[in-house]
Amino acid sequence: MARESSYDTQKLIDVVLAFSSETKYEKLLDIILTKMMELTNSDAGTLYLVEDKKLHFCIIKNISLNINRSADDVIDLPPIMLDGGSIENISAYAAINNEIVVVDDVYESQKFNFAGPKNYDKLTGYRTRSMLVLPLTSYWNEKSEVMGVIQLLNALDPETGEVIPFGDIYNPPTIPALANIASNTLANNMHLKDIRMLLKSFAAVMARAIDERSKYNSNHTQNVTNLCIMFAQYLSRRFPKDHHYYFGEKRMDELSLAAMLHDIGKIVTPLNIMDKADRLGSKLPVVRCRFELKKYELENDALKGNITKEEYENQKRALGDALSLVESVTTEGVLSESQLLGIQRLEGLTYRNSEGEIFPLLDSGDIEALSIRQGTLTAGEREIMQEHASVTARLLDSIAFWKYYENVPQWARNHHEFLDGSGYPKGLSADCLSVESCIITIMDIFEAITAHDRPYKKALPVDETFAILKDMVEHGKLHGELVELFIESGVWKEL
C-alpha cells in the first residue's frame, strides 16, 4: 500500500513558484527535472525533449554517480525514435501513449526492453531498480502534445535510504499534477521563445528588405546591428551586472531589435534620393541634352549669319567649359569657392527649343543642386531623407510590442538625435536620450562613414572616422564616454 503523502503545502507551493519564476528556457528545464527528483526522492533522472519525432537526451542527473549533464552540455547519445518499433522502450511508450508508467523493478519487468539500463549498470556498477516515467504534455489549440519525458530512477526511502518502488512514496494525484504544471510552464516558455524568434526574424526580413532596396546600401542595417551587439557584449564583460552599461538578456534583445529596425522608415524614402550618387543625379542627362540643343542653336545662328564665326567659336568654347564645370562639380566631394562662383555665373544661360521658346540651361533646381558644398542632397531632398526617422517612429508605434520589447520604438526612432538637441526628428537633448539610442547613433555614423558601398562618398579609414566621432563629442553631439569605450573595444575590427 502506498504511504501517506509527505508533501506539505509550502513545499508544493515552492515547487510551483520555482517553475513559474524562471524565464530562461535551459534553466527551466533543469529546474523541472531537479524539483521532480526532489519531490520523489529520486537518485537519478533524465529529461528528454521531443524533436523530429524523436526523444533527445537533454538533461541527465545521477546523485550516486555524481553525474550532472545539463542542457548546455553536448550529450552524445543517440535519440530514441517515436514510432511503432519503440513500443518496448519505456520512455518512448510514455511519449507515444501520453501515459505515466511506473515500474517497481526493471530486472523483473517483462513489459519493456530494459537492455539499455542493464548495460549501463554493467558499465558503471550502478543498480537501476524502480522507475517512474512522466510525459510532459501541453494543451495548445485544444490539442494535446507531448513535448518531452521525465524518467526518474530509484526512489529512496527517506528514512533508510534504500531503493523502494515509486508507488510506495508518491501520492498519485500530486506528481502528475505537478508534471502538468511543469508542462504548461515549459510550453508557455517555448511559445514566448517562438514569439521572440518570430519577431526577430520579421525584423531581420524588414531590415534585409530596406537594405536591398538600394544597391549602394546592401549591408548597412546588418552591420549596425552587429556593431551594437558586439559593443554591448563588450560593455557587459567590462562592467558589473549592476552597472548602467551592463546588458542582460532582455536589454540585449531589445537593443538588437531596435538596431535592426532603426531604418525601417526608409521603406517609403524615394529610391532616387536614397541612391543619389551625385548632385544632379538622374537630371544630368537632361542637362546634357539642353547643352546639346544650345550647341545646335549656336551652329544655326552661325549658318544664318546671326553671329560671326569668331563669336561662334568663343560661345562654343564657353559652352564646352560650362558643361565641363557642371560635369566635374556634380561628382566632386567638397566644392571650392571658385567652383561655387563658376556655377553661379551659369545661372543666366539660356537655350531655345525647336519652337523658339527660351528656357534656362540650368533651372533653379539645377543651380541649387550644383551649389551643394558637400554631399549630394538639396535641402528639400535632405528633408525627405530625414523624414525616415519620423516614419520609423510612426511604423513602430503602430506595432503592439509587448512589455519585453517596450523600449524598441523609442531606441530606434532616436538614432539621429544628438545630445545638444541639434538632431532630428524631434531635436531631443541629452536628458531625453537613452544609452541605447546613443549606442545606435554612434554605430550608425561609424558604419556610414567607413562603408565602401556608398557612391556619393569615399570610405574613410578608421583613424579619420574616430577623429570625426571625437570632434562630434567636442561639439556636444555624441556621448563621449561611449565613443571612447567603442574605440577601446576594438569590436569594429570584426567588420
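Structure: see above.
The structure displayed is predicted, hence computed values, not measured ones.

S.K.: Hey, could you run me through the pattern of salt bridges in this one?
M.R.: Side chains bearing opposite charge may pair, as long as their charged atoms lie close to each other. In the structure shown here, the tally under the stated rule is 25 salt bridges. The closest approach of N and O atoms between D105 and R127, which form a salt bridge, is 3.5 Å. Here D105, found in the loop between β5 (101-103) and α4 (115-124), pairs with R127, found in the loop between α4 and β6 (131-140); they are 22 residues apart in sequence, far enough to count as distant. A residue is classified by how much of its surface remains accessible, and D105, at 13% relative accessible area, is buried. Two residues, D366 and R290, come together in a salt bridge whose shortest N-O distance is 2.7 Å. Of the two residues, D366 sits in helix α12 (residues 364-370) while R290 sits in helix α9 (residues 284-303), which places them 76 residues apart along the sequence. Assessed through its relative accessible area of 0%, D366 is described here as buried.

S.K.: Just checking my understanding: could you explain the nonpolar core for this structure?
M.R.: Across soluble globular proteins, you tend to see nonpolar side chains buried next to one another. Membership of the largest hydrophobic core comes to 53 residues, with the highest contact counts inside it found for F231, L235, L257, I439, M443, L482 and F486. With 9 residues, the single largest contributor to this core is helix α15 (residues 435-450). The residues touching M443, leaving out its near neighbours within four places in the chain, are V224, L227, C228, F231 and F486. Counting residues in hydrophobic clusters, the runner-up holds 29 residues, among them V15, M36, L39 and L49.

S.K.: Can you walk me through helix α17 (residues 480-489) in this structure?
M.R.: Along an α-helix, residues three or four apart share an orientation, since each turn contains 3.6 residues. Residues of α17 that are buried: L482, V483, L485, F486, I487 and S489. Buried-residue contacts for α17 involve α6 (220-238), α15 and α16 (462-474). Immediately downstream of α17, the backbone of G490 shows phi near 75°, a positive value.

S.K.: Explanation requested: unusual backbone geometry in the structure shown.
M.R.: Negative phi is the rule for most residues except glycine; trans is the rule for most peptide bonds. Of note, the amide linkage connecting Y424 to P425 takes the cis form, showing an omega dihedral of 15°. Of note, P425 is situated in the loop between α14 (408-413) and α15. The backbone of N66 shows a phi angle near 55°, a positive value even though the residue is not glycine. By the secondary structure assignment, N66 is in the loop between β2 (54-62) and β3 (67-69). By relative accessible area, N66 is classed as exposed at 72%. Phi angles above zero are rare outside glycine, and N154 is one such case at about 55°. By the secondary structure assignment, N154 is in strand β7 (residues 143-156).

S.K.: Would you mind showing me how to read the environment of E38 here?
M.R.: In this fold, E38 is placed in helix α2 (residues 25-40). Assessed through its relative accessible area of 45%, E38 is described here as partly exposed. Taking the C-alpha atoms as reference points, E38 and A155, separated by 117 residues in sequence, lie 9.9 Å from one another.

S.K.: I tried to follow α2 on my own but got confused; where do I start?
M.R.: Taking 1.5 Å as the rise per residue, α2 with 16 residues should run 22 Å; its terminal C-alpha atoms sit 23 Å apart, in good agreement. At the C-terminal side of α2, N41 shows a positive phi close to 55°.

S.K.: Explain the packing of α6 against helix α7 (residues 249-261) here, please?
M.R.: Packed helices, taken two at a time, are described by their axes: the angle between them and the distance between them. For the pair α6 and α7, interaxial distance at closest approach is 8 Å and the crossing angle is 160°. The angle between α6 and α7 places the two elements in the roughly antiparallel class. Crossing geometry of α6 relative to α7 is assigned as right-handed. Counted together, T221, T225, C228, I229, A232 and Q233 of α6 and M252, L255, S256, A259 and M260 of α7 form the full contact between these two elements. Classifying every residue of the contact of α6 with α7 gives 7 nonpolar, 4 polar and no charged.

Conventions adopted
Residues numbered from 1 in each chain as written. Predicted model: local features only at pLDDT ≥ 70, side-chain atom pairs only at ≥ 80, totals over all residues. Heavy atoms only, no water. Salt bridge = Lys/Arg side-chain N within 4 Å of Asp/Glu carboxyl O. Helix = DSSP H or I, 4+ residues; strand = E, 2+ residues; numbered from the N terminus. Buried < 20%, exposed > 50% of the residue type's maximum accessible area, 1.4 Å probe, protein only. Core = buried A, V, L, I, M, F, W, Y, C linked by side-chain atoms within 4.5 Å. Contact = heavy atoms within 4.5 Å. Expected span 1.5 Å × (residues − 1). Axes fitted to C-alpha atoms, helices over the stretch in contact; angles between N-to-C directions. Parallel < 35°, antiparallel > 145°, perpendicular 65-115°, else oblique. Left-handed = near helix turned anticlockwise from the far one by under 90°. Nonpolar A, V, L, I, M, F, W, Y, C, P; charged D, E, K, R; others polar.

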